[in-house]
Amino acid sequence: MEVTETFTYISANRRSVRPMIEQLFTFSAAECEALKIDAPEMANKLASSLESTGVISNSTELPANNRHSDPLELFYALYTNTALLLQQFAGHRVESNLMIPQNSRYQCRTVYEYEEAETGERAGELALFYLVKLCPALDWTPESLDDSKPLEELTIEFQQFASKRVLPADTQAIINAAVRADIPYLKFDRAPFERRSGDFRIRANSPLNLGHSCHSHIVDGTFCMDRCSQYLDLLSDRERLYQLMRSCDLPLPGGDDELVSCSTLSRARRKARRIGYPLVLKPATMRRGRAEIAEIRDEAELSAAFDEAHALGA
């Protein structure tokens, strides 16, 4: 089996209005025959494998074998659905796939959706690895996967990588609104742009450019960077922001006036005893786009959260 063509579409394209990865697979006659022999149990075995690695629950249905009389159609269905399921497992909102008919009975052209390009490419490679495990007759060597590792470990590594690249829900909501209003947008943390770096980020993976030319604006999370830049420092200083909101008589979560900030773990414990569990812990100075540690239920969880908060900010 060889991937003879790969196209990564970064916007609306000949296959879809969504970003897609298109691949052309070429099989040998022996591989097609092996797929036909293994077909009766492939969907069930793949479902069991994905369930054992935590990708799906036992209620998730994969394409049934009897829907695909051609072994390459079954390969397409299992491969593209697995690539989507792996991305969904990491929190990415993807759902579209399709197969393009080919004249050759030894070729299969597959297309599946991605939101972040490297995540989509890695999901495809891992999906192929799942299938090769089920049908060893498929002659394929991964380019970046360490095939000496078990599937469980590779799946966890993928999930950890991909979860850091999920598009925030508020950013997706802004994009949906822009599409409805016919406003053009660009994702600055996505291809063809380089991922942005920096100590302070409002939302990781969220910067957008909305509109054209003099009417364009740059948004990070729900914050308009070019119109409200004078307030940017305020966003990173939680204590100043809290006091300003309080002076405006805005509704705020319950706190402890005696200990506004907690510079030590002992102070945090005393404050927790006064306001009660469960509670939320936030670093006083937010960095790297991470905001809070929620649902702390006891002192043990508070100790762990305190160390994490210190790693995130002051």
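These numbers were taken from a predicted model, which means no experiment stands behind them.

Positionally, Thr155 belongs in helix α4 (residues 151–163). In this structure the side chain of Thr155 is engaged in a polar contact, spanning 2.7 Å, whose partner is the side chain of Tyr130. Contact partners of Thr155, with chain neighbours within four places excluded, come to Thr53, Val55, Leu86, Phe89, Leu126 and Tyr130.

Here the focus is the packing of aromatic side chains. Applying the stated rule across the entire model yields eight aromatic pairs. On the numbers, 5.8 Å between centres and 90° between planes, the contact of Tyr79 with Tyr112 is edge-to-face. Taken together, the positions of Tyr79 in helix α2 (residues 71–89) and Tyr112 in strand β4 (residues 107–113) put the pair 33 residues apart, joining distant regions of the chain. In terms of burial, Tyr79 and Tyr112 fall into one category: buried.

Attention now moves to the sheet that holds strand β1 (residues 2–9). Taken together, four strands build an open sheet; the order of strands is β1-β2-β4-β3 and the sheet is antiparallel. Sheet topology places β1 and β3 (97–100) at the edges, where each strand pairs with a single neighbour. The sheet shows a mean angle of 15° between the axes of neighbouring strands, direction not considered. Strand direction decides the pairing type here: β1 and strand β2 (residues 20–26), joined by seven bridges, are antiparallel. Bridge pairing in β2 places Thr8 opposite Ile21. Across the face of the sheet, α2 comes into contact with β2, β3 and β4 while running at roughly 20° to β4.

Cut-offs and rules
- Within each chain, residue numbers correspond to sequence positions counted from 1 in written order.
- Local features are withheld for residues below a pLDDT of 70 in this predicted model, meaning they are given only at 70 or higher, and side-chain atom pairs are given and counted only at 80 or more; totals for whole chains, interfaces and linings count all residues.
- Side-chain measures here rest on the full set of heavy atoms in the structure, leaving out hydrogens and waters.
- For helices the rule is a DSSP run of H or I covering at least 4 residues; for strands it is a run of E covering at least 2, with both sets numbered from the N terminus onward.
- Between N or O atoms, a polar contact is any pair within 3.5 Å; within protein, one atom must be a potential hydrogen donor and the other a potential acceptor, and residues adjacent in sequence are included only when both atoms are from side chains.
- Between two residues, a contact is recorded if the distance between any of their heavy atoms is within 4.5 Å.
- Aromatic rings from Phe, Tyr and Trp, taking only the six-membered ring of Trp, are treated as a pair when their centres fall within 6.5 Å; an angle between ring planes under 30 degrees marks them as stacked, one over 60 as edge-to-face, and anything in between as tilted.
- The buried label applies to any residue whose accessible area, calculated with a 1.4 Å probe on protein chains only, is under 20% of its type's maximum; exposed applies above 50%, and partly exposed to all values in between.
- By definition, two strands form a pair when at least two bridges between them are found by DSSP.
- Axis definition: a line fitted to C-alpha atoms, over the contacting stretch in the case of helices. Angles run 0 to 180 degrees between N-to-C directions.

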